[in-house]
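Tertiary structure, described
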Amino acid sequence: MNDRVKRWLEDGTVDLFLGYKMIMGHPLPHCFVKEKIEEVNDLIIGPARYSLEKIATHIAAVKPDIKIGLLARDCNQRALNVLYIWNQLNPENVRTVNVNCCPSNLKEHGDCSYLEHEAAGSFKRQVGIDNNLQPENIEGYGQSQRLSRWMYEFQKCIKCYGCRNICPVCFCQECSLEHRELVGTGALPPEIPIFHLVRAVHMAGRCIDCGLCEDACPVDIPLRLLYQKVNEIVSDVFDYKTGTGDSQSPFNILGDTVTLEPKPIQLAKTAN
Amino acid sequence: MQCKLVPSICSYCGTGCGLLFEVIDGKINSTLPMKTHPVNEGKLCIKGWNLHEHINSFMRLKHPLVKTFGRFIKTDWDEALQVTADRFKEIVAKHGPDSVGMLVSAKITNEENYLAQKFARAVIGTNNVDHCARL
Ligand code: SF4
Ligand code: SF4
Ligand code: SF4
């Protein structure tokens, strides 16, 4: 890996490379350049995940033609795909070194295990939602329980906007979470559940299930689960899988007109 | 093109969350929580998330200013400190050292807090020292 990155920097395949390096005892994202090529010896995969692709979009915003290389776990690759589709990065200017992701039954060695959440405490299990659950588990709760459990989670929100700030695919100039007509932007506590639902709607067909938002949430709201649910709807209704396709999501709230076209099977159902 | 990720500590409150500044071409572009920092474990509050806006704010004071005839005039540090010292001396001479109080802060280091109370007690001669975290 290190030799390949050195070669890329030396022969100009990339102008800079985003990876990780131990700095003051912490594995931190680091930008490697040709001028300090010897640093590439210290390039590591790093146990802590950051959104390198988000840093790349910030660099590309300043210098659009720059050629960027970066380390990419599976989630980074899905995010890059979304960023290409939405014209935030030019795929011709991006090269990735693909690395291992979370350990699983299929993959013994994983460099990342950030998605495994700490077990929920007993109170959270009783009145809230365990972050380790799957969307289908939640459905088992029944409607009124589901509402009260989600409301318990939402009322903890301190409106730090961390979930939006850290999200690799949140790039809108004007964020709907700061739009007065959608959500009250003023004092705490935030308007719930609308704050979270506005974000959830915006994440439908956009979220690539990296879990960074949940990592960054100071009050452990199971955000990933919520967005898994909205993505499930997009996938069921429109047959669109975020992060894998080469077109923008059909469920698009940007722009003046929305043309929603359900996937064929749904059309067939309505025809009957 | 230069891109650096600079580790730092949030200076907004006494918690001291670890963070990273994303610096692109010499300008702090955004703030990120440090995921491995033992204090905040990859989380920040809204103040920490927006540190870069506070640093880049056009309202930020970048030079010492001295108020002369009701207007703030740009000056250098030597003059600003001299003016402050002279005014303090005048006030202490006229009203006594207890007419002065010192407010220190959780946002500065332990050593700076120590120096500030030392200054209040040994130089000005008052025990009027208080701290924003003393609730
Ligand atoms: S999991 Fe969270 S941070 Fe990751 S893409 Fe989805 S909303 Fe964004
Ligand atoms: S990260 Fe959590 S606490 Fe912060 S705004 Fe998002 S949901 Fe609320
Ligand atoms: S991020 Fe918030 S809690 Fe952390 S040190 Fe800064 S102000 Fe304090």
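Along each chain, the written sequence defines residue order, and numbers are assigned to residues from 1. Naming scheme: in the order in which they are written, chains are lettered from A and ligands are numbered from 1. Whole-chain, interface and lining totals are the exception, using all residues; otherwise, since this is a predicted model, local features are given only for residues with pLDDT of at least 70 and side-chain atom pairs are given and counted only at 80 or more. The side-chain numbers reported here are obtained from all heavy atoms of the structure, hydrogens and water having been left aside.

**What to know about the site of ligand 3**
The test is simple: Any residue with at least one heavy atom within 4 Å of a molecule or strand is counted as near it. Gly is put with the polar residues, along with every residue not named as nonpolar or charged; the nonpolar set is Ala, Val, Leu, Ile, Met, Phe, Trp, Tyr, Cys and Pro, and the charged set is Asp, Glu, Lys and Arg.
Close to ligand 3 lie B:Cys10, B:Tyr12, B:Cys13, B:Thr15, B:Gly16, B:Cys17, B:Leu44, B:Cys45, B:Lys47 and B:Gly48. When its residues are assigned to classes, the shell around ligand 3 shows 6 nonpolar, 3 polar and 1 charged.

**A word on the interface of chain A and chain B**
The figure often quoted for interface size is the accessible area lost as the parts come together. Note the cut-off: For this analysis, residues touch if any pair of their heavy atoms sits within 4.5 Å. Defined here as a combined quantity, buried area equals the accessible surface (1.4 Å probe) lost by two parts on assembly, summed across both. Counted as salt bridges are all cases of a side-chain nitrogen of Lys or Arg within 4 Å of a carboxyl oxygen of Asp or Glu.
Each partner contributes to the interface: chain A provides 31 residues, whereas chain B provides 24 residues. Regarding the contact of chain A and chain B, the summed buried area is about 2200 Å², with carbon and sulfur atoms giving 71% of it. Contact with chain B buries surface across chain A, with A:His26, A:Tyr50 and A:His58 losing the most and accounting together for 21% of the total. At the junction of chain A with chain B, the criterion picks out 1 salt bridge.

**Topic: the site of ligand 2**
The environment of ligand 2 is formed by A:Cys157, A:Ile158, A:Lys159, A:Cys160, A:Tyr161, A:Cys163, A:Phe195, A:His196, A:Cys217, A:Pro218, A:Val219 and A:Ile221. For the shell around ligand 2, the class distribution of residues is 10 nonpolar, 1 polar and 1 charged.

**Overview of the nonpolar core**
Filter applied, for reference: We define the nonpolar core as a collection of buried residues of types Ala, Val, Leu, Ile, Met, Phe, Trp, Tyr and Cys that are connected through side-chain atoms lying within 4.5 Å of one another. Between buried and exposed lies partly exposed: a residue is buried under 20% and exposed over 50% of the maximum accessible area for its type, with that area taken using a 1.4 Å probe on protein chains only. Think of it this way: any DSSP run of H or I at least four residues long counts as a helix, any run of E at least two long counts as a strand, and we number them from the N terminus.
Judged by nonpolar contacts, the single largest core of 51 residues is most densely connected at A:Trp150, A:Val169, A:Met203, A:Leu223 and A:Tyr227. The set of elements that each furnish at least two residues to this core consists of helix 3 (74-85), helix 6 (143-154), helix 7 (162-166), helix 8 (194-203), helix 9 (212-216) and helix 10 (223-238) of chain A together with strand 2 (18-24) of chain B. The greatest single-element share of this core, amounting to 7 residues, is contributed by helix 10 of chain A. Apart from residues lying up to four places away in sequence, A:Val169 is in contact with A:Ala79, A:Val82, A:Met203, A:Arg206, A:Cys207 and A:Ile208. Counting 40 residues, the second largest nonpolar core, distinct from the first, contains A:Val5, A:Tyr50, A:Ala72 and A:Val97.

**What about the sheet that holds strand 1 (residues 16-23) of chain A?**
Residue and element names in this part refer to chain A. We count it as follows: Note on pairing: DSSP must find at least two bridges between two strands before they are called paired. Between N-to-C directions, angles cover 0 to 180 degrees, with each direction set by a line fitted to C-alpha atoms, over the stretch in contact for helices.
The strand order across the open sheet built from 4 strands is 2-1-3-4, with neighbouring strands paired in mixed fashion. Each edge of the open sheet is held by one strand with a lone partner, namely strand 2 (26-33) and strand 4 (94-98). Within this sheet the neighbouring strands show an average axis-to-axis angle of 35 degrees, counted without direction. Pairing of strand 1 with strand 2, which is carried by 8 bridges, proceeds in the antiparallel orientation. Looking across to strand 2, one finds that Leu-18 is bridged to Cys-31. Packing against the sheet, helix 3 makes contact with strand 3 (68-72) and strand 4, and its axis sits at approximately 140 degrees to strand 3.

**Considering the domain arrangement of chain B**
Rules: The split into domains, and so the bounds of each, comes from an automatic or database assignment of domains.
Along its sequence, chain B is carved into domain 1 (3-55) and domain 2 (65-131). Put simply, the middle of domain 1 of chain B and the middle of domain 2 of chain B, counted by C-alpha atoms, are 30 Å apart.

**Structural notes on the sheet that holds strand 2 of chain B**
Pairing between the strands of a sheet is mediated by backbone hydrogen bonds and can be parallel or antiparallel. Spatial strand order, 1-2-3 (chain B): 3 strands in an open sheet with antiparallel pairing. Only two strands of the sheet have a single neighbouring strand rather than two, namely strand 1 (3-9) and strand 3 (27-33) of chain B. On average, adjacent strands in this sheet sit at an angle of 30 degrees to one another, irrespective of strand direction. Pairing analysis gives 7 bridges linking strand 1 of chain B to strand 2 of chain B, with the strands arranged antiparallel. Each bridged residue has a counterpart across the sheet, and for B:Leu5 the counterpart in strand 2 of chain B is B:Glu22. Of the strands in this sheet, strand 1, strand 2 and strand 3 of chain B touch helix 2 (residues 52-62) of chain A, which is tilted by about 25 degrees from strand 2 of chain B.

**Describing unusual backbone geometry**
At the junction of A:Ile192 and A:Pro193, the peptide bond is cis and its omega measures out at 0 degrees in the coordinates. Structurally, A:Pro193 can be placed in the loop between helix 7 and helix 8. Even without being glycine, A:Met24 reaches a positive phi, approximately 50 degrees. Here A:Met24 lies in the loop between strand 1 and strand 2. A relative accessible area of 66% means that A:Met24 is categorised as exposed. We note that B:Asp25 has phi near 50 degrees; this positive angle belongs to a residue other than glycine.

**Re the domain arrangement of chain A**
Residues and elements named next belong to chain A. Counted only if it meets this: Each polar contact in these results corresponds to two N or O atoms within 3.5 Å; when the atoms are within protein, one needs to be able to donate a hydrogen and the other to accept it, and residues that are neighboring in sequence are counted only if both atoms are side-chain atoms.
According to the domain assignment, chain A consists of domain 1 (2-99) and domain 2 (122-238). Each of domain 1 and domain 2 has a C-alpha centre, and these two points are 29 Å apart. In this complex, domain 1 contributes 11 residues to the contact, which on the side of domain 2 involves 15 residues. For the pairing of domain 1 and domain 2, the buried interface totals around 1000 Å² over both sides, and the portion due to carbon and sulfur atoms is 59%. If you look at where domain 1 meets domain 2, you find 1 salt bridge. For Arg-49, the salt bridge goes to Asp-215, with nearest N and O atoms at 3.6 Å. Applying the counting rule to domain 1 against domain 2 returns 6 residue pairs in polar contact (both at pLDDT 80 or more). Of the residues belonging to the side of domain 1 that touches domain 2, the class tally is 5 nonpolar, 2 polar and 4 charged.

**Describing the confidence of the model for chain A**
If pLDDT is low for a region, its predicted coordinates should not be looked at in detail. Convention followed: The predictor attaches a confidence to each residue, and that confidence, scored 0 to 100, is pLDDT.
With 86% of its residues at a pLDDT of at least 70, chain A reaches an overall mean of 83. Across residues 266-272 of chain A the pLDDT falls below 50, and counting only partners more than four positions away or on other chains, this stretch makes 3 contacts in the model.

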